[in-house]
Amino acid sequence: LPDGIVDTDMLAANAVATAKIAAGAVTSAKLEDRKIINISGITNDGGSNNYINAATADIGAENSIVRKSASSNFLIYISTVVHRASTGGWAYLGYKRKINSGSYSADQQLLNIRDAQNNGTENRFWIDTTTGSVGDTVYIRPRYYNTHASNDNPRYCHSIILEFEP
């Protein structure tokens, strides 16, 4: 072989096949910013009807994630198909949260999603900066708010939670 080239015959058995990283060689300071460290399962409500009239209601299934870092944040994604029978009022999408066996919070970050009379899929992301401890279970529940009695029907709601280091 040319100078500087090493093949497998020249290496001891398992010399490169097993980990050789020194303790402390990889630290959080050496990792990229906003690295995803944990992902929840994906929930799906199966398309059940949710007729909502001038109210706020749960839509979709509860989702959860077990916190891996005390300093992490969460990226929450919620998608739902919305049928609006009227142009009156506004529709909002958001979520509520609880930690471990505590109570659910008030609605978090409700976002205006539509004011038109039509069908469509709405997809939204939120960054949740709730604090906690490693091992906490963080639950979210998708929420829908309608400002007018128009029989809005959000269905086929999906959610996923991604934990990341800010």
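Note: the structure precedes this text.
*Asks:* Provide a residue-level description of the nonpolar core, including the pertinent values.
*Replies:* By size, the foremost hydrophobic cluster in this structure holds 17 residues, and its most contacted members are Ile-76, Ile-78 and Tyr-144. Contributing elements (two or more residues each) for this core: strand S5 (73-83), strand S6 (91-99), strand S9 (137-146) and strand S10 (153-164). In terms of residue count, the dominant contributor to this core is S5 (four residues).

*Asks:* Lay out the pattern of salt bridges with the relevant residues and their values.
*Replies:* Evaluation of the coordinates by the stated rule reveals six salt bridges. When the shortest N-O distance is used, the salt bridge between Asp-58 and Arg-143 registers 2.7 Å. Taken together, the residues Asp-58 in strand S3 (residues 56-58) and Arg-143 in strand S9 connect sequence positions 85 residues apart. With relative accessibility at 27%, the residue Asp-58 sits in the partly exposed group. Overall, Arg-143 belongs to the buried group, its relative accessible area being 13%. Each of Asp-58, Lys-96, Asp-107 and Arg-143 takes part in a single network of salt bridges with overlapping partners.

Criteria and cut-off values
Throughout this document, residue positions are counted from 1 along each chain, in the order its sequence is written. It should be noted that, the model being predicted, local features are given only for residues of pLDDT at least 70 and side-chain atom pairs only at 80 or more, the latter also being counted only at that level, while totals for whole chains, interfaces and linings use all residues. Working from all heavy atoms in the structure, the side-chain values ignore hydrogens and water. Only buried residues count toward a nonpolar core, which is a set of Ala, Val, Leu, Ile, Met, Phe, Trp, Tyr and Cys residues joined through side-chain atoms within 4.5 Å. Residue exposure (1.4 Å probe, protein chains only): buried if accessible area is under 20% of the type maximum, exposed if over 50%, otherwise partly exposed. To qualify as a helix, a DSSP run of H or I must reach at least 4 residues; to qualify as a strand, a run of E must reach at least 2; elements of each kind are numbered from the N terminus. Here, a salt bridge means any Lys or Arg side-chain nitrogen found within 4 Å of an Asp or Glu carboxyl oxygen.

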